[in-house]
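What the coordinates show
Read off the chains here:
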Amino acid sequence: METPRIREYLFASPAGGLLQTVVNEVLHGFRLEHFDEAMGTSREEFRKLLRHFGGFPEDGVSLNLRQVSAFHNALRETLQELGTEEFQTRTGYTFEYGQRILLELDGLISAESIDK
């Protein structure tokens, strides 16, 4: 029986900084109805994800596919909730940069799904 492989993906600055910011926004910045459905995981798992960053090391942070998916969902919800002007004010990143990272995450998750 083959053991399933666990891939990890490295997020370095500035994408890693955005990741930390949107996870914080989802937990503390605005209220999400049906959190578990929207995020694909529980609030407690998101709290663990935020703690995982722990000051965000210079060489980045590694995430597994489940964590990448949670970040994708958090970014999607943050972009929708905050909109163009508020997104940059609250995260420090442009709305366009957020959209670009979201598209990159879409591709990463899709590619991983195809590999299975």
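Here the residue index of a chain counts from 1 through its sequence in written order. pLDDT decides what is reported in this predicted model: residues at 70 or higher carry local features, side-chain atom pairs at 80 or more are listed and counted, and totals for whole chains, interfaces and linings draw on all residues regardless. In computing side-chain properties, one takes all heavy atoms of the structure into account and sets aside hydrogens as well as water.

What follows covers the overall build of the chain. Comment: elements are numbered from the N terminus, with helices defined as DSSP H or I runs of at least four residues and strands as E runs of at least two. For the chain, the count of helices and strands is 5 helices and 2 strands. When the helices and strands of the chain are placed in sequence order, the string is β-α-α-α-β-α-α. Taken over 116 residues, the chain has a buried fraction of 42%. Residue contacts are counted whenever heavy atoms from the two residues lie within 4.5 Å of one another. At a minimum sequence separation of 6, the contacts of the chain that also span at least 24 residues come to 69%. Burial status follows relative accessibility: with a 1.4 Å probe on protein chains alone, a residue under 20% of its type maximum counts as buried, one over 50% as exposed, and anything between as partly exposed.

Moving on, we get to helix α4 (residues 65–91). Here the expected length of a helix is defined as 1.5 Å per residue gap, with one fewer gap than residues. In this model α4 runs just 23 Å from its N-terminal to its C-terminal C-alpha over 27 residues, more than 12% under the 39 Å that 1.5 Å per residue would give. Maximal helix bending in α4 amounts to about 110°, located at Gly-83. Bend at a residue means the angle formed by two fitted axes: the first through the 7 residues ending at that position, the second through the 7 residues beginning there.

Summary of the metric used: pLDDT quantifies the predictor's per-residue confidence within the range 0 to 100. Per-residue pLDDT for the chain has a mean of 81; in total, 76% of the residues score no lower than 70. Per-element confidence in the chain ranges from a low mean pLDDT of 61 for strand β1 (residues 8–11) to a high of 92 for α4.

A separate point is the side chain of His-72. Along the chain, His-72 falls in helix α4. On the basis of relative accessible area, His-72 is assigned to the buried category, the value being 10%. Pairing of N or O atoms within 3.5 Å defines a polar contact, subject to two protein rules: one partner must be a possible hydrogen donor and the other a possible acceptor, and residues neighboring in sequence count only if both atoms are side-chain atoms. In terms of polar contacts, His-72 uses its side chain to reach the side chain of Asp-106, at 2.5 Å. Each residue touching His-72, except ones within four places of it in the same chain, is listed here: Leu-102, Leu-105, Asp-106 and Ile-109.

Pairs were defined over the aromatic rings of Phe, Tyr and Trp, the Trp ring being its six-membered one, requiring ring centres within 6.5 Å. Orientation was assigned from the angle between planes: stacked under 30 degrees, edge-to-face over 60, tilted for the rest. Here the structure, examined in full by the defined rule, presents 3 aromatic pairs. The interplanar angle of 90° and the centroid separation of 6.0 Å between the aromatic rings of Phe-87 and Phe-95 together place this pair among those described as edge-to-face. Phe-95 shares its class with Phe-87; the two are buried. Here the aromatic rings of Tyr-93 and Tyr-97 are separated by 5.8 Å at their centres, their planes lie at 20°, and the arrangement is stacked. Both residues of the pair, Tyr-93 and Tyr-97, belong to the buried class.

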